[in-house]
Amino acid sequence: MTPDDALAALRAAAEPGRDAEMAAYHKVERPYLGTPNPVLNDLATDWRRALPLDARLSLADALWQTNIHEARIAAAKLLTQARIRPDEAVWDMLCSWVPDFDAWAIADHVCMAGQRRVMADLGRLDTVEGWTTSDHLWTRRAALVITLSLTKSNHPSDAEAAARERVLDWAAGYVDDPEWFIQKAVAWWIRDLSKHDVPRARAFLEAHGDRMKAFARKEAAKYL
């Protein structure tokens, strides 16, 4: 599977007129093909199963460099897998893409791949913590999105509980940030946490909720 083959497959599955609709929806200047997400899932799954890791990394990097919306999402999907050994090269590639983030959809797909790598090695939070003080909005936001898996356990290990508290400290430092996407990310983290640890989610909102935007506070408390 060459990058040209992959792009040809993405283009062949595009729906007429969908590219313009996607461009209007995402509001970011880049090429759009109009390929539906279910097709991207199927193609990326087939490629992931067929290719060894080194080939997947090469293909993912080539697709990312095109700056095509669907190609970048496919690149992220190629690297979305719970068990990868060794996974250092995957983590390094995902991190190298973070400064390129400029829209939520692509950023979220990369972060979903990154969530697996963070949970595989919680020491990677040392890298992610550096993102929290970035001047780049999407890098700051990624620090919360890539750690969302830490919200999802009813019975976290000691290491996971400590990591959860670490990220909650980051979130507390974000509540005064007026950017909509940062407020939304904080709300998303607390909302998901509230499904598994109601007391901790309530404690966060009691301590910091009055400094959050009203919409974010409401979203964070959705399940409380």
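The shown structure was predicted, so the numbers you read here are calculated from the model rather than taken from an experiment.

Moving on, we come to the side chain of Asp 177. For Asp 177, the position within the fold is in the loop between helix H10 (158-174) and helix H11 (180-194). Relative accessible area serves as the criterion here: at 15%, Asp 177 is assigned to the buried category. Residues in contact with Asp 177, not counting those within four places in the same chain, are Arg 140, Ile 182 and Gln 183.

Once that is clear, we can look at the packing of aromatic side chains. In total, this model carries seven aromatic pairs according to the counting rule given. When the centroid spacing of 6.5 Å and the interplanar angle of 20 degrees are considered together, the rings of Trp 91 and Trp 131 count as stacked. Of this pair, Trp 91 sits in helix H6 (residues 88-97) while Trp 131 is found in helix H8 (residues 125-131), placing the two residues 40 residues apart along the sequence. Ring centres of Trp 138 and Phe 181 lie 4.7 Å apart, and the angle between their planes is 50 degrees; this geometry places the pair in the tilted category. Placement of Trp 138 in helix H9 (residues 137-145) and of Phe 181 in helix H11 is noted, with a sequence separation of 43 residues between them. Exposure remark for Trp 138: the relative accessible area of 11% places this residue in the buried category. By relative accessible area, which is 25% here, Phe 181 ends up partly exposed. Grouping aromatic residues by their ring pairs yields a cluster made of Trp 138, Trp 180, Phe 181 and Phe 215.

For side chains bearing opposite charge, pairing can occur when the charged atoms are close. Under the criterion given, the structure shown has 15 salt bridges. With a closest N to O distance of 2.8 Å, Asp 126 and Arg 166 form a salt bridge. Here Asp 126 is found in helix H8, whereas its partner Arg 166 is found in helix H10, with 40 residues between them in sequence. For Arg 191, the salt bridge goes to Asp 192, with nearest N and O atoms at 3.3 Å. The same class applies to Arg 191 as to Asp 192, namely buried. Salt bridges sharing common partners tie together Lys 152, Arg 191, Asp 192, Lys 195 and Glu 219.

What follows deals with the environment of His 26. Structurally, His 26 is set in helix H2 (residues 18-26). The sequence separation of His 26 and Trp 104 amounts to 78 residues, and the corresponding C-alpha distance is 8.4 Å. Filtering out sequence-adjacent residues up to four positions away, His 26 remains in contact with Tyr 32, His 69, Trp 104 and Ala 105.

This brings us to unusual backbone geometry. Across the chain, the bulk of peptide bonds are trans and the bulk of non-glycine residues have phi less than zero. Geometrically, the link from Arg 85 to Pro 86 is a cis peptide bond, its omega value of -10 degrees lying close to zero. Here Pro 86 shows up in the loop between helix H5 (69-78) and H6. Of note in the backbone geometry, Lys 27 takes a positive phi value of approximately 60 degrees without being a glycine. Relative to the elements of secondary structure, Lys 27 occurs in the loop between H2 and helix H3 (37-50). Here Asn 67, not a glycine, exhibits a phi torsion of approximately 65 degrees, which is positive. Secondary-structure assignment places Asn 67 in the loop between helix H4 (53-65) and H5.

Rules used throughout
- Residues numbered from 1 in each chain as written.
- Predicted model: local features only at pLDDT ≥ 70, side-chain atom pairs only at ≥ 80, totals over all residues.
- Heavy atoms only, no water.
- Helix = DSSP H or I, 4+ residues; strand = E, 2+ residues; numbered from the N terminus.
- Buried < 20%, exposed > 50% of the residue type's maximum accessible area, 1.4 Å probe, protein only.
- Contact = heavy atoms within 4.5 Å.
- Phe/Tyr/Trp six-rings, centres within 6.5 Å; stacked < 30°, edge-to-face > 60°.
- Salt bridge = Lys/Arg side-chain N within 4 Å of Asp/Glu carboxyl O.

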